[in-house]
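Geometric and topological summary
One-letter residues, chain by chain:
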Amino acid sequence: MAMSDMRPPIESGCPDGFQYMHPVMRKNFGQWKYHDDPRPGVLRHVAHSGDVVWTVKVGTQRILDIFTLRTLCDIGDKYADGYIRFTLRSNLEYTVADEAKVEPLIKAVEDAGFVVGGTKNSVTSLSHTQGWLHCDIPGTDASGVVKSMMDELIDDFKSWNMPNRVHITTSCCQINCGGQGDIAINVQHTKPPKINHDLVSNVCERPSVVARCPVAAIRPALVDGKPSLEVDEKKCICCGACFPPCPPMQINDAEHTKLAIWVGGNHSNARGKPTFQKLVASGIPNNPPRWPEATAIVKRILKVYKEDAKDWERINDWVERIGWPRFFEKTGLPFTKYHVDNWVGARANLNASTHIRF
Ligand code: SF4
Ligand code: SF4
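How each quantity is defined
Residues numbered from 1 in each chain as written. Chains lettered and ligands numbered in written order. Predicted model: local features only at pLDDT ≥ 70, side-chain atom pairs only at ≥ 80, totals over all residues. Heavy atoms only, no water. Phe/Tyr/Trp six-rings, centres within 6.5 Å; stacked < 30°, edge-to-face > 60°. Helix = DSSP H or I, 4+ residues; strand = E, 2+ residues; numbered from the N terminus. Buried < 20%, exposed > 50% of the residue type's maximum accessible area, 1.4 Å probe, protein only. Near = heavy atom within 4 Å. 1 Å grid on protein atoms, 1.4 Å probe; cavity = no way out; pocket = protein on both sides within 12 Å on 5 of 7 lines; lining within 4 Å. Sits in = over half its atoms within 2 Å of the grid points. Nonpolar A, V, L, I, M, F, W, Y, C, P; charged D, E, K, R; others polar. Disulfide = S-S within 2.5 Å. Pairing = 2+ DSSP bridges. Axes fitted to C-alpha atoms, helices over the stretch in contact; angles between N-to-C directions. Core = buried A, V, L, I, M, F, W, Y, C linked by side-chain atoms within 4.5 Å. Contact = heavy atoms within 4.5 Å. Arc of directions from axis to C-beta.

Brief notes about the packing of aromatic side chains
Considering all chains together, one arrives at 6 aromatic pairs under this definition. Judged by centre distance (5.6 Å) and plane angle (55°), the rings of Tyr-305 and Trp-318 are tilted. Remark: Trp-318 occurs in helix α9 (residues 315–322) and Tyr-305 occurs in helix α8 (residues 292–308); sequence separation between them is 13 residues. Assigned by exposure class, Tyr-305 and Trp-318 land together as buried. Taken together, a centroid distance of 5.8 Å and an interplanar angle of 65° make the contact between Trp-318 and Phe-327 edge-to-face. The same class applies to Trp-318 as to Phe-327, namely buried.

Considering the site of ligand 2
Of all residues adjacent to ligand 2, which total 14 residues, the nearest are Cys-213, Cys-236, Cys-239, Gly-240 and Cys-242. Comparing atom positions with the cavity grids shows ligand 2 to sit within the largest cavity. Of the residues belonging to the shell around ligand 2, the class tally is 13 nonpolar, 1 polar and no charged.

Thoughts on the state of the cysteines
Under the defined criterion, the tally for this structure stands at 1 disulfide. Linked covalently through their sulfurs, Cys-204 and Cys-246 form a disulfide whose S-S length is 2.1 Å. Classification of the bridge connecting Cys-204 and Cys-246 rests on its S-S torsion, roughly 75°, and on that basis the disulfide is right-handed. One end of the pair, Cys-204, is in the loop between α6 (197–203) and α7 (206–212); the other, Cys-246, is in the loop between β11 (226–231) and β12 (249–250), and 42 residues separate them in sequence. Summarising the burial analysis for this pair, Cys-204 and Cys-246 share the class buried.

Focus: the sheet that holds strand β14 (residues 278–285)
With mixed pairing, 4 strands are arranged side by side in an open sheet as β7-β8-β13-β14. Each having just a single partner strand, β7 (168–171) and β14 make up the two edges of the open sheet. If you compare each strand with its neighbour and ignore which way they point, the axes differ by 25° on average.

Overview of the nonpolar core
Ranked by internal contacts, the top residues of the largest apolar core, which has 37 residues, are Ile-168, Ile-185, Ile-261 and Phe-327. Only α4 (143–152), β8 (183–189), β13 (257–263), β14, α8, α9 and α10 (324–331) provide two or more residues apiece to this core. Of the residues forming this core, the biggest block, 7 residues, is contributed by α8. Not counting residues within four places of it along the chain, the set of residues in contact with Ile-185 comprises Leu-126, Met-149, Ile-168, Thr-169, Thr-170, Ser-171, Leu-259, Ala-260, Ile-261, Trp-291, Ala-294 and Val-298. If you look at the next biggest cluster of nonpolar residues, it comprises 18 residues, including Trp-54, Ile-75, Tyr-94 and Val-102.

Here's the deal with the environment of Ile-301
Mapped onto the fold, Ile-301 is located in helix α8. For Ile-301, a relative accessible area of 0% puts it in the buried group. On a C-alpha basis, the gap between Ile-301 and Arg-165 in space is 14 Å, while along the polypeptide they are 136 residues apart. Dropping the residues within four chain positions of it, Ile-301 is found in contact with Ile-183, Ile-261, Val-263, Val-280, Phe-327, Thr-331 and Leu-333.

Focus: helix α3 (residues 102–111)
Every buried residue of α3 is accounted for by Val-102, Leu-105, Ile-106, Ala-108 and Val-109. End-on view of α3: buried residues confined to an arc of 160°, all on one side of the axis. Of the residues in α3, the exposed ones pointing more than 90 degrees away from the buried face are Lys-107 and Asp-111. Tucked into the core, α3 has its buried residues touching β1 (32–39), β2 (42–47), β3 (52–59), α2 (66–79), β5 (91–96) and β6 (115–116). Phi turns positive one or two residues past the end of α3, at Gly-113, with a value near 95°.

Next comes the structure, spelled out in structure tokens:
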């Protein structure tokens with residue numbers, strides 16, 4: 001085929017963000033002198049050129065219906081300079097180049113029922129995954145539970161009353177786009193998948209399902225004369241990785257799909273290395289739409305962190321200083337056998353010698 005006959009590629013990636021950026025931000029890109037925090041929910045960036053922009057951060061429920069989105073955009077047109085952006089944590093940011101616009105903008109946002117906050121040492125919105133609305137494998141919802149959990153943490157969103165910023169994440173399955181955060185609430189399956197053998201041969205590509213299992217617990221099998229799969233339940237770690245490529249290996253379960261809370265994860269920051277989160281509570285009821293049991297544990301951890309950590313300690317820094325035994329003591333969370341990593345591959349992630357520490 002001649003090159004001229006070839007269909008050009010369809011560019012469907014992210015559009016160039018610069019076209020949507022506030023002109024003052026675009027003009028001073030990479031040329032900022034400093035930024036500070038005039039009040040909770042507001043950032044002020046000062047450029048070397050002398051230009052200043054104010055950013056007002058607003059919490060949203062992330063999955064926005066078109067009417068809510070229009071309301072927020074209308075506020076941006078009327079009270080800000082017509083530019084908005086969403087952050088990773090589903091907060092919306094308005095940018096203005098005139099300080100006189102900040103207070104009327106905040107009033108308009110609050111009058112419309114939204115909250116301003118989420119900056120500096122506050123609890124910002126939970127980052128979350130797709131939940132029942134978008135994904136095909138979730139064991140729980142995401143947006144709805146984030147909204148209901150943030151309803152309980154609204155004062156901590158609106159004010160600077162934490163020792164440092166707190167990032168909370170959720171994840172609605174155990175394996176994919178889920179969270180690593182100061183506090184992470186992740187789905188935890190507690191039993192192996194249940195196989196519908198009538199469907200496997202029509203729906204699943206068996207070799208890829210077998211290859212997908214991290215502990216080699218799945219084998220091809222003939223069941224009632226039909227090609228199917230079987231699971232060695234002694235090996236299965238109930239991760240759920242086989243369910244996405246093979247929906248007949250159902251693992252979500254109203255009773256046995258639980259939640260687990262992990263603490264102390266930090267991708268990285270300017271002062272220390274990235275840290276892995278550790279399991280602190282497991283087997284928590286997966287109880288949408290409001291997750292009262294998980295919310296109560298998160299609030300308990302935040303209360304102790306607020307009272308006990310030193311200024312500027314993130315949760316992982318605080319736990320590192322006091323030690324995990326004290327963490328369990330102070331929060332009153334029970335330390336159980338489930339907190340001990342006895343998986344056969346765990347040798348690689350434990351401190352297994354006196355010489356190598358990681
Ligand atoms: S965390 Fe899992 S279930 Fe949730 S959206 Fe991501 S892939 Fe889907
Ligand atoms: S749940 Fe995970 S460990 Fe168990 S069979 Fe499926 S992929 Fe393997």
